[in-house]
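Listed here are the chains, written in short residue letters.
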Amino acid sequence: MIIEGLVTTLGPAGACHVAPMGPRFENSEWDDSFELAPFQGSATLRHLVEHPEGVFHLDDRVMLFAQLIVGGWEGPVCSAAEVVAGWVVQGVCRAVEFRVEGQDLSGMRSCLSCRVMRRHEYRAMSGFNRAKHAVVEAAILASRRHMIQRGELESRLADLYPLVSKTGGSEELQAFALLRNYALADDQVSRQVAQ
Ligand SMILES: Cc1cc2nc3c(=O)[nH]c(=O)nc-3n(C[C@H](O)[C@H](O)[C@H](O)COP(=O)(O)O)c2cc1C
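The structure displayed is predicted, hence computed values, not measured ones. Numbering of residues starts from 1 in every chain and runs along the sequence as written. At least 70 in pLDDT is required for a residue's local features to be given in this predicted model, at least 80 for side-chain atom pairs to be given and counted, and no such filter applies to totals for whole chains, interfaces and linings, which use all residues. For side-chain calculations, the full set of non-hydrogen atoms in the structure is used, while hydrogens and water are omitted.

1. What about the sheet that holds strand 8 (residues 111-121)?
Then comes step 1: Following DSSP output, two strands are said to pair if at least two bridges run between them. Numbering of helices and strands starts at the N terminus; helices are DSSP runs of H or I of at least 4 residues and strands are runs of E of at least 2. Spatially, six strands are ordered 2-1-4-7-8-3 in an open sheet, and the strand pairing comes out antiparallel. The sheet terminates laterally at strand 2 (16-21) and strand 3 (33-36), the two strands that pair on one side only. Averaged over all pairs of adjacent strands, the angle between strand axes in this sheet comes to 35°, irrespective of strand direction.
Then comes step 2: Sheet analysis places strand 1 (residues 5-10) next to strand 4 (residues 53-58), joined by three bridges and oriented antiparallel. Each residue of the ladder has a partner; that of Leu 6, found in strand 4, is His 57. Orientation is described by lines fitted to C-alpha atoms, with helices fitted over the stretch in contact, and by angles between N-to-C directions that extend from 0 to 180 degrees.

Rendered as structure tokens:
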């Protein structure tokens, strides 16, 4: 199963780099290993090839996902990880320090085999909330805006909006609005798909 979360890697000069990523676990997030599939060209992949350690986080603050995708990260500070050279985002629910033990860089999406080195449990995750899930979906759509036709983007975001308006709070509403504006912005990056 794929669990959506945040991955920190070591950026230039050891700075904390954060990106939303969805690693695949064989059974559950409690497995001792997982596979990470960052796209070729992503900073996360570049960093992990240079330094094969990082931290995967589970968090229910969907605004963090939105800010990371639209480029307005105002996120919490990071503190040093315990057993890997890496960074833990403050205030998350859980964090998993990992080491990359194998890599297949042949495809558009790489496949990095990661071993869990240390787990941290900080706080309970919030229960199922359809608005939070809808914002995560919107964040994934927004991160692929260059690959999806505008009409399809509009329609898929319109389908998600009632979940946010009916079941969300102010954080979910604001995060969704940020993502929608970004995904449908007129100064859109050139799309790889014909309109
Ligand atoms: C919930 C979520 C999950 C994502 N999972 C992945 C993933 O597994 N692999 C990937 O390459 N990009 C994934 N993305 C898209 C990246 O976050 C996005 O391309 C980001 O710009 C990559 O950042 P980086 O270049 O700083 O690594 C995901 C986005 C979201 C919102």
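2. Points about the site of the ligand
Then comes step 1: Surveying the vicinity of the ligand reveals 18 residues, the closest of which are His 17, Pro 20, Phe 39, Ala 43 and Thr 44.
Then comes step 2: Polar contacts, as counted here, are pairs of nitrogen or oxygen atoms within 3.5 Å of one another; within protein the pair requires one atom able to donate a hydrogen and one able to accept it, and residues that are adjacent in sequence qualify only if both atoms are side-chain atoms. Separating an oxygen atom of the ligand from a backbone N or O atom of Pro 20 is a distance of 2.7 Å.
Then comes step 3: Measuring from an oxygen atom of the ligand, one finds a side-chain N or O atom of Thr 44 at 2.6 Å.
Then comes step 4: Accessible surface area values rest on a Shrake-Rupley calculation with a 1.4 Å probe, where residue burial reflects the displayed protein chains alone. Alone, the ligand offers 640 Å² of accessible surface; in the complex the protein occludes 83% of this.
Then comes step 5: Sorting the residues of the shell around the ligand by element identifies strand 2, helix 1 (43-50) and helix 3 (130-143) as the ones contributing at least two each.
Then comes step 6: Gly is put with the polar residues, along with every residue not named as nonpolar or charged; the nonpolar set is Ala, Val, Leu, Ile, Met, Phe, Trp, Tyr, Cys and Pro, and the charged set is Asp, Glu, Lys and Arg. Per-class residue counts for the shell around the ligand are eleven nonpolar, five polar and two charged.
Then comes step 7: The two domains that each donate at least three residues to the shell around the ligand are domain 1 (5-121) and domain 2 (130-183). Near residues are defined by distance, with any heavy atom within 4 Å of the molecule or strand qualifying the residue. Residue ranges for the domains trace back to a domain assignment, done automatically or taken from a database.

3. Focus: the domain arrangement of the chain
Then comes step 1: The assigned domain composition of the chain is domain 1 (5-121) and domain 2 (130-183).
Then comes step 2: Each of domain 1 and domain 2 was reduced to a C-alpha centroid, and the two centroids are 23 Å apart.
Then comes step 3: Between domain 1 and domain 2 the total buried area reaches about 1000 Å² when both faces are included, carbon and sulfur atoms providing 80% of it.
Then comes step 4: On the domain 1 side of the contact with domain 2, Val 62, Met 63 and Ile 69 bury the most area, a combined 53% of that side's loss.
Then comes step 5: For salt bridges, the criterion is a side-chain nitrogen of Lys or Arg within 4 Å of an Asp or Glu carboxyl oxygen. Counting the contacts that link domain 1 with domain 2 gives zero salt bridges.
Then comes step 6: Taken together, the links from domain 1 to domain 2 amount to three residue pairs in polar contact (both at pLDDT 80 or more). Summed over both partners, the accessible surface that disappears when two parts come together, traced with a 1.4 Å probe, is what is meant by buried area.

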